[in-house]
Each structure stands twice: as structure tokens, then as C-alpha cells.
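Analysis of the macromolecular model
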Amino acid sequence: MGIIEKIKEIEAEMARTQKNKATEYHLGQLKAKIAKLRTQLLEPPKGSSGAGEGFEVTKYGHGRVALIGFPSVGKSTLLTMLTGTHSEAASYEFTTLTCIPGIIHYNDTKIQLLDLPGIIEGASEGKGRGRQVIAVSKSSDIVLMVLDASKSEGHRQILTRELEAVGLRLNKRPPQIYFKKKKTGGISFNSTMHLTHVDEKLCYQILHEYKIHNAEVLFREDATVDDLIDVIEGNRKYMKCIYVYNKIDVVGIDDVDGLARQPNSIVISCNLKLNLDRLLAKMWEAMGLVRVYTKPQGQQPDFAEPVVLSADRGGCTVEDFCDHIHRSLVKDVKYVLVWGTSARHYPQHCGLSHQLQDEDVVQIVKKKDKEDGGGRGRFKSHSNAPARISDREKKAPLKT
């Protein structure tokens, strides 16, 4: 029996099992088994040599956005309108067969937009090159899920289910669970609050399913069984997702109003070019990019080329800003002067741990090199003379 058949058999057993207090331990073990099998499904087959066939493209720009959706929902048209890159669009499905990148120039930054082939139900099991599509989307910063406004809401649930099956968690934050494997000492289970979904016995059973008998587990929130399995697996990626409803020109105004009020959703029409500017603004807000401008000492700030930072790509502190310019710059920084919304007064003297915000201006003041000036006054604070007395040169006698 293959891995996919095993998964389907366990899912059928879960569907047959009633959900109550008596069966929650059994259901927790079945969920752990499914998670293990899905992880095995993502691993390359044993004996395969070299890289598999995919369509990964080189990262470019300050951020990466992936377009995911069913065939013929308008992904290629959206890429052409936002970036100017031509992506073939036609009235038949699967027009796009590979990954087509484009660049969005927005707010002095460059954002890479990837047009991926349409995925179908069963993509997480490898149908229709779905596994390669999802692998590329894992490497992006946010996902734009393009949906057809005239179709049913079930499409969104199918796509979310396919992405969650391969370890992508959309619009969720990592669970507040501390988990660490140990060599000895058994399983230590603690929590800082009352748990309603997981107890000590269920946690032990799930860990034993993974053959983990020595570990430390600490719950800092009322997490579910799925959250615990995600932490144990350790290969989950938590991403922001914007649900883009295209073709709103073919549905009624009441349906459009209902779709637009859903969380993390936006309605557009590529045919009539409606609401594309709001889509770019929402995408910018979700990516959380921070533009920082440099100011040389005694000169005007350089507003032409900002240094772009983000919390997902390193961080937004002054230290991250210095690392972005040069790795060795952090050692030479004495302090920095900051102008902008993150400063309490202009300019503010800040250290390396200061959090920068969008459109801040930063001037770096470096430590003075000792060899350039020495000390102050008549006497040098250091000398280049040898340490041993016998190695010193004798001074010439004074002229009298």
C-alpha cells in the first residue's frame, strides 16, 4: 500500500469515528500518523540522484509574491497588468505551464511577482505538477490567492486545504509551544494556563507516535492537537495570504460587497482595471517593508536609493541596517542619528537595538581610528615604539 492510500485510509477512519471525550486520544494519534505520512510524501524518493524537475527562479528585488489559484482565474492577466511582463493568456485552461516572473516597481522598491501554473484538487499529492508549484510558493514572502468571484466559495477552501497539507499555514502565527528533545529524563509536560484541547496523556501518546520518549514541552497558550503536531514536525511555514477575487464585473453588487468585507480579501477586475491600486497598497501593507534612507555626515539625505528591510528577511533594527550595508560596519559604529517616526526627537542618538520604521533617515557615526590622530594635547595616548627596552632606538644627544 502506497503513502497516499494510507493517508486516505486514515482519513476515512477519522470520518467514521465519533468526536467525544472517549475518542479524542484515538483521533490525536490518527492526526499524528497523517502528519508523518505527509512529511514522507514531501521527501524525495530514495535512490533519486540530483535535483528534481522544478521551476524555481532566482530571487530578485526586495520581496517575492506568488500568484496561486485554479486555472483560468486571471493570474497571467494580473501579472501583465501589474508588471508589464507578457504572460500568455487564453480562454482555455493551463495556458501557463511554467513559472513566469515579473517586477513591480512600487514605493521605490522592487517586488518580484511570480505567475505559477494553476493547481487542481489533489495538488499536494503531486497531481498537475502541484508539488512544484507549492514548493515555489513556499519560498515567497506572501501568497496572493487569485479566485473567481463568479465561482463558489468552495474553491478557496480546497486551495487552503491543499496548501495546509504540505505545511503552509496561511494567516496564522506560530503556536506558543516550547518543545525541546532531550537525551534522558523522560517527558516533562507543563503549561502556564488551563488547557481545554490537549492534556498530558494525549501529549504523551502523540510524542510516542513520533518515537520521542525524552522531551520538554511547555504550553504558553491554549493550543490544539494540530498546533502541537506542527511544533513537533518543525517544518511548517507561516505565511500571510491575500485572497484576491477577480472578475467582479460579472457578479452583482451585493456579492461584491460581501466578498470585500471578508478578512484579508480584496476584490478586483482585470478586465475593467478596477481596484488594482488598492491591491498594491494591501500587498505593501502585508509585506511590511521598511525603507531607510542614508545621510552622509554634513550632507543632505539620499532619497534616491533606500535600504529596504523587513521583519521576515533579517529584521528592522539598526544592527540589521548596518549588516545590510556591510558586515564589518557594526564593529565600527559609535552611535547613529535617526530622523523619522521611530525617533522621539530629531535627531535621536540610538544604539544598535533601535527599531527602525518606514521612511526613517539614518546617519552612522563611526568610532575614530586611534592611529589617525592619537590622543589630545602634547602627549600621545599610544606609541608605535617596541615593547622591550633593549629594542628601543637611542635618541640623538641634544645640541648645546
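Residues numbered from 1 in each chain as written. Predicted model: local features only at pLDDT ≥ 70, side-chain atom pairs only at ≥ 80, totals over all residues. Heavy atoms only, no water.

Looking at an unreviewed UniProt entry, one finds the chain named Developmentally-regulated GTP-binding protein 2 and attributed to Datura stramonium.

A word on the overall build of the chain
Within the chain, the regular secondary structure consists of twelve helices and 15 strands. In the chain, buried positions account for 42% of the 400 residues. In the chain, the share of contacts with a sequence separation of at least 24, taken over all contacts with a separation of at least 6, comes to 64%. Of the roughly 23,500 Å² that the chain leaves accessible, carbon and sulfur atoms contribute 50%. (Helix = DSSP H or I, 4+ residues; strand = E, 2+ residues; numbered from the N terminus. Buried < 20%, exposed > 50% of the residue type's maximum accessible area, 1.4 Å probe, protein only. Contact = heavy atoms within 4.5 Å. Areas by Shrake-Rupley, 256 points an atom, 1.4 Å probe, with all protein chains shown as cover.)

Looking at helix H5 (residues 154–165)
Count 3.6 residues to each turn of an α-helix, and residues three or four apart come out pointing the same way. In this model, H5 (twelve residues) spans 17 Å end to end at C-alpha, consistent with the 16 Å of a helix rising 1.5 Å per residue. The set of residues buried in H5 consists of Arg-156, Ile-158, Leu-159, Thr-160, Glu-162, Leu-163 and Ala-165. (Expected span 1.5 Å × (residues − 1).)

Regarding the sheet that holds strand E6 (residues 177–181)
Within the open sheet, the three strands sit side by side as E6-E8-E7. Their pairing is mixed. The sheet is open, and its two edges are formed by E6 and strand E7 (187–191), each paired on a single side. Pairs of neighbouring strands in the sheet enclose a mean axial angle of 5 degrees, with direction left out of account. Two elements, E7 and strand E8 (residues 215–219), share five bridges in a ladder whose sense is parallel. Counterpart to Ser-191 in the pairing with E8 is Phe-219. Where helix H6 (residues 200–209) meets the sheet, its contacts fall on E6, E7 and E8, and the angle it forms with E7 comes to roughly 140 degrees. The strands touched by helix H7 (residues 225–233) are E6 and E8; relative to E6, the strand with the most contacts, the crossing angle is about 40 degrees. (Pairing = 2+ DSSP bridges. Axes fitted to C-alpha atoms, helices over the stretch in contact; angles between N-to-C directions.)

A word on the environment of Ser-137
Following the sequence through the fold, Ser-137 ends up in helix H4 (residues 130–138). Residue Ser-137 is classed as buried on the basis of its relative accessible area, which comes to 0%. Sequence separation between Ser-137 and Ile-68 is 69 residues; the distance between their C-alpha atoms is 7.9 Å. Not counting residues up to four positions away in its chain, the partners in contact with Ser-137 are Ala-66, Ile-68, Leu-116, Val-143, Leu-168 and Met-239.

So, the pairing of strand E2 (residues 100–106)
Where E2 meets strand E3 (residues 109–115), seven bridges bridge the pair, whose relative direction is antiparallel. The partner of Pro-101 across the bridge, within E3, is Leu-114. Turn length for the E2-E3 hairpin, with the two strands adjacent in sequence and antiparallel, is two residues, and the turn residue Asn-107 shows positive phi of about 55 degrees.

Brief notes about the pairing of E3
Counting buried residues along E3, six of its seven residues qualify, which places the element largely inside the surrounding structure. By the bridge criterion, five bridges tie strand E1 (residues 63–69) to E3 in an arrangement that is parallel. Of the residues in E3, the one forming a bridge with Ala-66 is Leu-114.

Looking at the packing of helix H3 (residues 75–83) against helix H9 (residues 276–287)
At a closest axis distance of 12 Å, the pairing of H3 and H9 adopts a crossing angle of 85 degrees. The angle between H3 and H9 places the two elements in the roughly perpendicular class. Along the contact surface, H3 presents Leu-78, Met-81 and Leu-82, while H9 presents Leu-276, Leu-279 and Leu-280. In terms of residue class, the contact of H3 with H9 is made up of six nonpolar, no polar and no charged. (Parallel < 35°, antiparallel > 145°, perpendicular 65-115°, else oblique. Nonpolar A, V, L, I, M, F, W, Y, C, P; charged D, E, K, R; others polar.)

So, the packing of H6 against H7
Taken N-terminus to C-terminus, the directions of H6 and H7 make an angle of 40 degrees; their axes are 11 Å apart at the nearest point. Relative to H7, the element H6 is oriented oblique. In the packing of H6 onto H7, the handedness of the crossing is right-handed. Note on element contacts: H7 touches H6 through Val-225, Leu-228, Ile-229 and Ile-232, opposite Leu-202, Cys-203, Ile-206 and Leu-207. Residue composition of the contact of H6 with H7, by class: eight nonpolar, no polar and no charged. (Left-handed = near helix turned anticlockwise from the far one by under 90°.)

So, the sheet that holds strand E14 (residues 348–350)
Remark on secondary structure: sheet strands pair via backbone hydrogen bonds, oriented parallel or antiparallel. The sheet built from five strands is open, its strands ordered E12-E11-E15-E13-E14 with mixed pairing. Among the strands making up the open sheet, the edge pair consists of strand E12 (302–310) and E14. Sheet twist, expressed as the average angle between the axes of neighbouring strands with direction ignored, equals 40 degrees. Each of strand E11 (289–294), E12, strand E13 (333–339) and strand E15 (360–366) touches helix H10 (residues 318–325); the most contacted strand, E12, lies at about 115 degrees to it.

Quick look at the side chain of Asp-141
Tracing the backbone through its elements, the reader meets Asp-141 in the loop between H4 and strand E4 (142–148). In terms of polar contacts, Asp-141 uses its side chain to reach the side chain of Arg-313, at 3.2 Å. Contacts of Asp-141, omitting those with residues within four sequence positions, involve Gly-63, Arg-64, Met-239, Lys-240, Met-287 and Arg-313. (Polar contact = N/O pair within 3.5 Å; in protein donor to acceptor, adjacent residues only side chain to side chain.)

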